[in-house]
Amino acid sequence: MALLDGVTGSGKTQIFFETVAATLRAKKQALILLPEIALTHSFLDRFTARFGTRPAEWHSDMTPAQRAKVWRAVLLGEVQAVVGARSALFLPFSQLGLIVLDEEHDGAFKQSDGVNYHARDMAIVRASLAKAHVILSSATPSVESRNNANQGRYAHVWVKERHGNAKLPQIKAIDMREAGPEKGSWIAPELAREVFATIDRGEQALLFLNRRGYAPLTLCKECGHQYQCDDCAAWLVEHRFRGVLVCHYCGRETPRPTTCGACGVEDALVPIGPGIERIAEEAAVRFPDARRVILSSDMGSNAQLRQRFKEIAAGDYDLIIGTQLVAKGHHFEKLTLVGVLDADLGLAHGDPRAAEKTFQLLTQVTGRAGRAAKSGRGYLQTYHPDHPVIKAMISGDREGFYAHELKIRNEGGLPPFGRLAALIISANEHGVALNHARHLLQKAPKSDGLKLFGPADAPVAMVRGRHRVRLLVQSARGFDLSGYVRFWLEGADKPKGNLQVRVDIDPVSFY
Ligand SMILES: [Zn+2]
Ligand SMILES: [Zn+2]
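Fair warning: this is a prediction, and the values are worked out from it, not measured in the lab. (Residues numbered from 1 in each chain as written. Chains lettered and ligands numbered in written order. Predicted model: local features only at pLDDT ≥ 70, side-chain atom pairs only at ≥ 80, totals over all residues. Heavy atoms only, no water.)

**A closer look at the overall build of the protein chain**
Condition: Here a strand is any run of E in DSSP of at least two residues, a helix any run of H or I of at least four, and the numbering for each starts at the N terminus. Accessible surface area values rest on a Shrake-Rupley calculation with a 1.4 Å probe, where residue burial reflects the displayed protein chains alone.
Counting its secondary structure elements, the protein chain contains 14 helices and 24 strands. Of the roughly 23400 Å² that the protein chain leaves accessible, carbon and sulfur atoms contribute 52%.

**Overview of the nonpolar core**
The cut-off we apply is this: Residue types Ala, Val, Leu, Ile, Met, Phe, Trp, Tyr and Cys, when buried and joined through side-chain atoms within 4.5 Å, form a set referred to as a nonpolar core. The classification of residues rests on relative accessible area computed with a 1.4 Å probe and restricted to protein chains. Under 20% of the type maximum is buried, over 50% is exposed, and intermediate values are partly exposed. Contacts are residue-level and defined by heavy atoms, with any inter-residue pair within 4.5 Å sufficient.
Ranked by internal contacts, the top residues of the largest apolar core, which has 33 residues, are Ile-320, Val-340, Leu-362 and Leu-380. Of all the secondary-structure elements, those providing two or more residues to this core are strand 11 (204-208), strand 17 (292-295), helix 9 (302-313), strand 19 (335-340), helix 10 (354-366), helix 11 (388-395) and helix 12 (398-412). Here Val-340 is in contact with Phe-208, Leu-362, Val-365, Thr-366, Tyr-379, Leu-380 and Gln-381, once residues within four sequence places are set aside. Counting 27 residues, the second-largest nonpolar core is a separate cluster that includes Leu-3, Trp-58, Val-134 and Tyr-154.

**Quick word on the coordination of the zinc ion (ligand 2)**
So the rule is basically this: Only N, O and S atoms count as donors, using a 2.8 Å limit from the metal and a wider 3.2 Å limit for Na, K and Ca, and since water is excluded some coordination spheres may look unfilled. Here a site with four donors is tetrahedral if all angles are between 85 and 135 degrees, and a site with four or six donors is square planar or octahedral if opposite donors are over 155 degrees apart and the other angles are between 65 and 115; anything else gets the irregular label.
Within the protein, Cys-220 (SG), Cys-223 (SG), Cys-260 (SG) and Cys-263 (SG) serve as the donor atoms for the zinc ion (ligand 2), at 2.3 to 2.4 Å. Around the zinc ion (ligand 2), the four donor atoms are arranged such that angles at the metal cover 106 to 111°; this shape is classified as tetrahedral.

**Here's the deal with the domain arrangement of the protein chain**
This is how the line gets drawn: Segmentation of the chain into domains, including their bounds, is taken from an automatic or database domain assignment.
For the protein chain, the assigned domains read domain 1 (2-159), domain 2 (170-211 + 274-408) and domain 3 (418-505). Between the C-alpha centres of domain 2 and domain 3 the distance comes to 38 Å.

**As for the side chain of Asn-147**
Relative to the assigned elements, Asn-147 resides in helix 5 (residues 143-150). Exposure remark for Asn-147: the relative accessible area of 4% places this residue in the buried category.

**With respect to the coordination of the zinc ion (ligand 1)**
Cys-229 (SG), Cys-232 (SG), Cys-247 (SG) and Cys-250 (SG) make up the full set of protein donors to the zinc ion (ligand 1), lying at 2.3 to 2.4 Å. Considering all four donor atoms around the zinc ion (ligand 1), the spread of angles at the metal, 107 to 114°, places the coordination shape in the tetrahedral class.

**A look at the packing of aromatic side chains**
Worth spelling out the cut-off: Paired rings are identified among Phe, Tyr and Trp, the last through its six-membered ring, by centres lying within 6.5 Å, and are further divided according to the angle between planes into stacked (under 30 degrees), edge-to-face (over 60) and tilted (the rest). Counting as a charge over the ring demands two things of the Lys NZ or Arg CZ atom: a distance within 6 Å of the ring centre and an angle within 35 degrees of the ring normal.
With the rule as written, the count across this model stands at 14 aromatic pairs. Taken together, a centroid distance of 5.6 Å and an interplanar angle of 70° make the contact between Phe-401 and Tyr-402 edge-to-face. Both residues of the pair, Phe-401 and Tyr-402, belong to the buried class. The lysine or arginine in question, Arg-50, covers the ring of Phe-51, its NZ or CZ lying 4.7 Å from the ring centre. Just above the ring of Tyr-214 sits the side chain of Arg-240; from NZ or CZ to the centre is 3.8 Å.

**Considerations on the sheet that holds strand 1 (residues 2-6)**
How we decide: Strands qualify as paired when DSSP identifies two bridges or more between them. For helices, the fitted axis covers only the stretch in contact; all axes are lines through C-alpha atoms, and the angles between them, taken along N-to-C directions, range from 0 to 180 degrees.
Pairing is parallel in the open sheet, where seven strands are placed in the order 3-4-2-5-8-1-9. Two strands close off the open sheet at either side, each with one partner strand: strand 3 (56-58) and strand 9 (155-159). Going from strand to strand, the sheet's axes swing by 20° on average, the running direction of each strand aside. Across three bridges, strand 3 lies against strand 4 (residues 81-84) in parallel orientation. Bridging across to strand 4, Ala-56 finds its partner in Val-82. Of the strands in this sheet, strand 1, strand 2 (29-33), strand 5 (96-102), strand 8 (133-138) and strand 9 are in contact with helix 1 (residues 12-25), which crosses strand 2 at around 155°.

**Observations concerning helix 10**
For clarity, the cut-off: Expected helix span is taken as 1.5 Å per residue step, with the number of steps being one fewer than the number of residues.
Look at helix 10: 18 Å from first C-alpha to last across 13 residues, which is about the 18 Å you get at 1.5 Å a residue. Burial analysis of helix 10 places 11 of its 13 residues in the buried class, which makes it a mostly covered element. Residues of helix 10 that are buried include every one of Ala-354, Ala-355, Glu-356, Thr-358, Phe-359, Gln-360, Leu-362, Thr-363, Gln-364, Val-365 and Thr-366, and no others.

**What to know about the pattern of salt bridges**
Think of it this way: side chains of opposite charge can pair up when their charged atoms draw near. Definition in use: The salt bridge definition used is simple: a Lys or Arg side-chain nitrogen within 4 Å of an Asp or Glu carboxyl oxygen.
In total, this model carries 29 salt bridges according to the counting rule given. Linking Asp-351 and Lys-357 is a salt bridge whose minimum nitrogen-to-oxygen distance equals 2.7 Å. With a relative accessible area of 30%, Lys-357 lands in the partly exposed category. Across the salt bridge formed by Glu-356 and Arg-353, the nearest N and O atoms sit 3.9 Å from each other. Note on accessibility: Glu-356 and Arg-353 belong to one class, buried. Each of Glu-144, Arg-353, Glu-356, Glu-405 and Arg-409 takes part in one network of salt bridges that share partners.

**Structural notes on unusual backbone geometry**
That bond from Pro-415 to Pro-416 is cis: its omega, 5°, falls within 30 degrees of zero. In this chain, Gly-454 is followed by Pro-455 through a cis amide linkage whose omega measures 0°. Its place among the elements puts Pro-455 in strand 22 (residues 451-463). The residue Lys-27 is not glycine, and still its phi comes out positive at about 65°.

This is the structure we're talking about:
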């Protein structure tokens, strides 16, 4: 078991390809797991270029016939290399020699609906049964994996510099309190100047905002009415491109009204705050001559998005405006400037992993800059330049970030030093959910070192018309938390009617 821990652009893929090659030479099978396989066409091309043959693919975009064919070929050992999504772990390998988890920190490896598992844990179990090797690869490893490497449980392979002569990008904060954008704008003057200069040099710039749609809130300026989803405790997000208001929790869409639903005044609705479409609108006004492209997961099919990535890599655009879709794994040679319009966006949540996730996202997105001959720069627009995450980004002190985060987790008994489980109790009526949560709390078996928190309303207190109440369980690291929760729920009243209890052991997302 090894953690391949290399900065962005350090050539980690080429390194694990060597292990793949050795596996294939030994007549064993190799499985490479990627978080966003449907969008990672370039990875398959690189594999083909290196090995002279295309690997078998396994992901949700395949037809049942294609799946059956791959399944059989893997079973019979006719296929030696598979590149796939997390579900590829369940393919019937007969000669498994190696599993690689590329971008091992990615949340897409955790399945939380239905059967609850993390591909990283599953890969380790699968590999130990088959006596195969595991490589976890990332420029921003999960705090868990870093701790395992620090403790000597994983071999730690470091690559601290970029491949060839490329240098890591210089990162700078733009303090929004002092040097922020003018009113009605989202791009600070300094960043706008850098975009112009970059495009003038014939290089590419990326403006990044991790929020889909046009505006996260629509408000009536006459009566103050805020548009909320009827079924969720969430604002409706305006998607101007499609002319609709959308709930990002349940997917409900309504046409954008022209009169206020509360006071009936016409043309009084105003968008509050920016989404990526609004940034694109400002970019069109400010940089009219730039060849622009907007990339967001709801802006096209996978095939269309793959085509856009190809065009960007070929240099067909000067300015890319995108969400986290562009942060992942892409290699654009001409891209030298990345501007993050709201670096604080992920930090506000009551999520114990907020700092880790933000550090990973900011490192990944700024890591798109300067991956070839020309050096790159990243700008972070922030109201909190002194936040530990922002400071670590600016100083490039990656090790300092991990050390600080591990210290905080250790002191708080949080993962990987302790374990967490979330119980979400939901019902059509708030009182019903709350009563059942109280009942569960009463029935919880006492155990040393085990702490229970709640019941409290979940961070998103209603989804699809269901009120959500949360209990959190915290235990020591070696504790059998799944076993405990199972035993606990067996000794309590079973949920009846529309009441539901959902258990997430070692949760990755907290909403
Ligand atoms: Zn909703
Ligand atoms: Zn109104």
